[in-house]
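What the coordinates show
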Amino acid sequence: MKQTETKHPVFAVVGHPNKGKSAIVSSLAMDDSIAVSNIPGTTYRRQSYPLKVDGKIIYELYDTPGFQRARQVLAWLKSHDVSADRRHEVVQAFLNTHRDDSRFHDEVELLTPIMEGAGIIYVVDASKPYGEECEAEMEILRWTGQPSMALINHIDKEDYSAEWKRALGGYFQIIRTYNPMQTDMHQQIAILESMAQLREEWTVQVKASIEFFLHYREQMLERSAAAITRLMHQALSHVERLALASENANEDDKARLKERYKAYLRTEERTTQAEIERIWHHEHLHAEITPMGFEQMDLFSEESASVFGLTRKELLISGATTGAVTGAGVDLLFGGATFLLGGAIGAVVGGVGAYVAFDELSEVKLLGKRLGKRYLEMGPMQNRNFPYILLGRILYYTVMVAARSHAKRDSLTIAMDSTFKERWLDEKVQKSLEKYHKQWRSGKGMDDEMLKSYEALIEKILKKLMEEL
Ligand SMILES: Nc1nc2c(ncn2[C@@H]2O[C@H](COP(=O)(O)OP(=O)(O)OP(=O)(O)O)[C@@H](O)[C@H]2O)c(=O)[nH]1
Ligand SMILES: [Mg+2]
């Protein structure tokens, strides 16, 4: 189908082998399933990757193999030359004659979508010096008559972009630098705006795509905030029950219940992380050998508490101690055997120890007979610090996933950042959050309206964090 007949813009990403074409497609189409590798010739066939939102395609990109025999193709075209306004017909004739010619497999693959109407995105790696072999490639692309732009990528640190720009200038209307390894919404929008300029008929569609794209980003934030709210709600209001075999509970039963309660919370966190990955189109993170996540840093570790939890001073600010917090309450706040974290962890957060007592997440209650059985019960979460640890961790995870380029294929390691908390949590935010945390603690639950306002608060925090990326 010709581009003018489709409702969304279509572009073919082409160039020399191993220059980052697939990385660029991954990044622009937000697709982490595409093969990206430093072995030249990784992409063997043309393949279309549409960016879809609610079933509607925003734009579609073709990943293609690199040119292999550009000079021979150009020689063939020249030997069949006609008038300049009909050169695209010669390219079409080349395709018709060479469809089954294995020598030109890659050229046929990459030229086909262009001759079907796709715009051209020509990728070069400006960390290598300009090479004349590209001239034949650019010349062939010119023969197709399709609108085109060049993207300058930097696979390594060296920079030969000045000489590349001079060479590309003779062939392309628009030349832009693009880093597929970085997620930057402005960079992405800039590319879309360049696409809009390429051909007058495309402007309206591409502008609409930009609107959709911005709207989609907004949606991803909203959906993330909803997932985080659900996690907080489930985790903090959860009540874990253990049926007892005998009349009385022994220490083993209590320990078993505590472990189950913790396991539930860990699973909820992991499930939400997976949901966040889906929202941000990182479907393949778990195919990695090293799973992404806080595997090295358990939800109930002191390290977690020191990085994400509140300090004693901050706990006092939250108003957690105002009113009648006595007896068990104080123990739940600072831990039965109130402990200060050791020097090693203190150092991580600049000498301020965080308070947590994971032994004291909630009281263990022995319940009366139910269906002839006795139950032990734990929950809802009473620990004042836990909500901040859980929330800090999921916010951090969301930011890491959202900031990850879809072109990356290494496993994501979470480098802990002890300054993260300062980026989102201040006294005001803490006070607003505490209102909800208190409600969950009380076991009264939360109505939809209150959950919605918590979600709005989380969304605001996420937006702020994302803007700083
Ligand atoms: N550091 C860095 N590496 C990049 C960048 N772009 C691509 N790479 C790496 O360069 C290698 C080649 O990238 P691909 O996207 O597979 O290249 P391609 O042009 O599709 O290659 P073929 O399919 O073989 O033609 C991969 O190892 C990428 O991770 C970049 O901007 N920065
Ligand atoms: Mg490729």
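Notes on the structure in this doc start here. (Residues numbered from 1 in each chain as written. Chains lettered and ligands numbered in written order. Predicted model: local features only at pLDDT ≥ 70, side-chain atom pairs only at ≥ 80, totals over all residues. Heavy atoms only, no water.)

**Focus: the coordination of the magnesium ion (ligand 2)**
Protein ligation of the magnesium ion (ligand 2) involves Ser22 (OG) and Thr43 (OG1), the donor distances falling in the range 2.0 to 2.1 Å. With Ser22 in helix α1 (residues 21–29) and Thr43 in the loop between α1 and β2 (47–53), the pair connects residues that are 21 residues apart, well separated along the chain. (Donors = N, O, S within 2.8 Å, 3.2 Å for Na, K, Ca; no water. Helix = DSSP H or I, 4+ residues; strand = E, 2+ residues; numbered from the N terminus.)

**Details of the environment of Gln146**
Relative to the assigned elements, Gln146 resides in the loop between α5 (133–144) and β5 (148–153). The buried category is assigned to Gln146, whose relative accessible area is 15%. Leave out the neighbours within four places in its chain, and Gln146 touches Ile114, Gly117, Ala118, Gly119, Ile120, Arg199 and Trp202. Among the polar contacts listed, one links the side chain of Gln146 to the backbone oxygen of Gly117, at a separation of 3.1 Å. There is a polar contact of 3.1 Å between the side chain of Gln146 and the backbone oxygen of Ala118. (Buried < 20%, exposed > 50% of the residue type's maximum accessible area, 1.4 Å probe, protein only. Contact = heavy atoms within 4.5 Å. Polar contact = N/O pair within 3.5 Å; in protein donor to acceptor, adjacent residues only side chain to side chain.)

**Some details on the side chain of Ser22**
Given the relative accessible area of 8%, Ser22 is considered buried. Here the side chain of Ser22 touches Thr43 through a polar contact of 2.8 Å, side chain to side chain. Residues within four places of Ser22 in sequence aside, it is in contact with Ile34, Ala35, Val36, Thr43 and Asp63.

**Considering the environment of Ala255**
The residue Ala255 is located in helix α9 (residues 251–279) in this model. When the C-alpha atoms of Ala255 and Val364 are compared, they prove to be 9.9 Å apart, with 109 residues separating the residues in sequence.

**Overview of the site of ligand 1**
The local shell around ligand 1 holds 22 residues, among which Lys21, Ala23, Gly41, Thr43 and Asn153 are the closest. With respect to ligand 1, the backbone of Ala23 contributes an N or O atom lying 2.8 Å from an oxygen atom. Separating a nitrogen atom of ligand 1 from a backbone N or O atom of Ile155 is a distance of 3.3 Å. With three residues, α1 is the largest single contributor of residues to the shell around ligand 1. For the shell around ligand 1, the residue count by class is eight nonpolar, twelve polar and two charged. (Near = heavy atom within 4 Å. Nonpolar A, V, L, I, M, F, W, Y, C, P; charged D, E, K, R; others polar.)

**Remarks on the nonpolar core**
Core analysis: the biggest nonpolar cluster contains 88 residues, and Leu61, Leu391, Leu395 and Trp424 have the highest contact counts within it. Aside from chain neighbours lying at most four places away, what touches Leu391 is Ile228, Met232, Trp424, Leu433, Tyr454 and Ile458. The next biggest cluster of nonpolar side chains, apart from the first, holds 36 residues, and it includes Phe104, Cys134, Ile152 and Trp164. (Core = buried A, V, L, I, M, F, W, Y, C linked by side-chain atoms within 4.5 Å.)

**What about helix α17 (residues 448–467)?**
Taking 1.5 Å of rise per residue, the 20 residues of α17 would be expected to cover 28 Å, and the 28 Å separating its terminal C-alpha atoms lies within 8% of that figure. Along α17, the residues classified as buried are Met450, Leu451, Tyr454, Glu455, Leu457, Ile458, Glu459, Ile461, Leu462, Leu465 and Met466. (Expected span 1.5 Å × (residues − 1).)

**Some details on helix α4 (residues 105–115)**
With eleven of its eleven residues buried, α4 lies for the most part within the structure. Along α4, the residues classified as buried are His105, Asp106, Glu107, Val108, Glu109, Leu110, Leu111, Thr112, Pro113, Ile114 and Met115. Its buried side turned inward, α4 meets β1 (10–15), β3 (56–63), α2 (70–79), α3 (87–98), β4 (119–125) and α5.

**Topic: the packing of helix α14 (residues 386–402) against helix α16 (residues 427–442)**
Orientation of α14 relative to α16, taken along the N-to-C sense of each, is 115°, at an axis distance of 11 Å. Here α14 is positioned roughly perpendicular relative to α16, judged by the angle of their axes. In the crossing of α14 with α16, the sense of the turn from one axis to the other is right-handed. Note on element contacts: α16 touches α14 through Gln430, Leu433, Glu434 and His437, opposite Pro387, Tyr388 and Leu391. A per-class count over the contact of α14 with α16 returns four nonpolar, two polar and one charged. (Axes fitted to C-alpha atoms, helices over the stretch in contact; angles between N-to-C directions. Parallel < 35°, antiparallel > 145°, perpendicular 65-115°, else oblique. Left-handed = near helix turned anticlockwise from the far one by under 90°.)

**Things to note about the packing of aromatic side chains**
For the coordinates displayed, the defined rule picks out eleven aromatic pairs. Between Phe11 and Trp202, the aromatic rings sit 5.5 Å apart at their centres with planes inclined by 85°, giving edge-to-face as the arrangement. Separated by 191 residues along the polypeptide, Phe11 in strand β1 and Trp202 in helix α8 (residues 200–237) bring together distant segments of the chain. For the pair shown, Phe11 and Trp202 are each scored as buried. Note on Tyr122 and Phe172: the rings are 5.3 Å apart at their centroids and 10° apart in plane angle, and the pair reads as stacked. You can see Tyr122 sitting in strand β4 and its partner Phe172 sitting in the loop between α6 (161–169) and β6 (174–177), a full 50 residues away along the chain. In terms of burial, Tyr122 and Phe172 fall into one category: buried. In this structure an aromatic cluster arises from ring pairing among Trp76, Phe94 and Phe104. Here the basic side chain of Arg87 rests over the ring of Trp143, its NZ or CZ set 4.5 Å away from the ring centre. (Phe/Tyr/Trp six-rings, centres within 6.5 Å; stacked < 30°, edge-to-face > 60°. Lys NZ or Arg CZ within 6 Å of the ring centre and 35° of its normal.)

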